[in-house]
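What the coordinates show
So the chains spell out like this:
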Amino acid sequence: QVQLVESGGGLVQAGGSLRLSCAASGRTFSWYAMGWFRQAPGKEREFVAAISWSGGTTLYADSVKGRFTISRDNAKNTVYLQMNSLKPEDTAVYYCAARKAMVVTTARGEYDYWGQGTQVTASS
């Protein structure tokens, strides 16, 4: 069982930056591929970024490539999402997710555990 707690969301002007953190419980954090998803009002939850257990492989949605960076610190049981050049369309609740597998994936249904989400608002 893994519990995930996101933090770092908030209100920022368009063009600004935020860094989200996701702290995971459990001793086997390094066995999990991790992902970030987001859900805007009235829309489905969508993939944002993912990272393999070792950090050696990362995936990004086209909409965030070049602006967002996912990273992890296995010693701290934490995964991060650095978000730069934020746009109003990035406004959403951001969720951290864990998948007990070495292979990283963009598929929402392949993740086993989810956090409660953190709100990110980029104002124009």
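Residue numbers here run from 1 along each chain, matching the order of that chain's written sequence. Local features in this predicted model are restricted to residues of pLDDT 70 or higher, and side-chain atom pairs are both shown and tallied only at a pLDDT of 80 or more, whereas totals for entire chains, interfaces and linings draw on every residue. Neither water nor hydrogens contribute to the side-chain values; these are computed over all heavy atoms in the structure.

1. Here we look at the packing of aromatic side chains
What counts is decided by this rule: Pairing of aromatic rings covers Phe, Tyr and Trp, the last counted by its six-membered ring, and requires centre-to-centre distances within 6.5 Å; plane angles under 30 degrees mean stacked, over 60 mean edge-to-face, and any other angle means tilted. Over a ring means this: the NZ of a Lys or the CZ of an Arg is within 6 Å of the ring centre and within 35 degrees of the ring normal.
In the structure shown here, the tally under the stated rule is five aromatic pairs. Taken together, the aromatic side chains of F37, F47, Y111 and W114 make up a single cluster linked through ring pairs. Geometry around W114 places R45 over its ring, the cationic atom sitting 5.0 Å from the centre. Its end group placed over the ring of F29, R72 keeps NZ or CZ at 4.5 Å from the ring centre.

2. Considering the sheet that holds strand β1 (residues 4-7)
Definition in use: Two strands are said to pair when DSSP picks up at least two bridges between them. Counting from the N terminus, the helices are the DSSP runs of H or I reaching at least four residues and the strands are the DSSP runs of E reaching at least two. Here an angle of 0 to 180 degrees is reported between the N-to-C directions of two axes, which are lines fitted to C-alpha atoms, with helices fitted over the stretch in contact.
Taking strand neighbours across the sheet as the criterion, the four strands line up as β1-β3-β8-β7 in an open arrangement whose pairing is antiparallel. Two strands close off the open sheet at either side, each with one partner strand: β1 and β7 (68-73). Each strand of the sheet is rotated relative to its neighbour by a mean of 15°, with strand direction disregarded. By the bridge criterion, six bridges tie strand β3 (residues 18-24) to strand β8 (residues 78-83) in an arrangement that is antiparallel. What sits directly across from R19, in β8, is Q82.

Coordinates in, geometry out; function isn't part of it.
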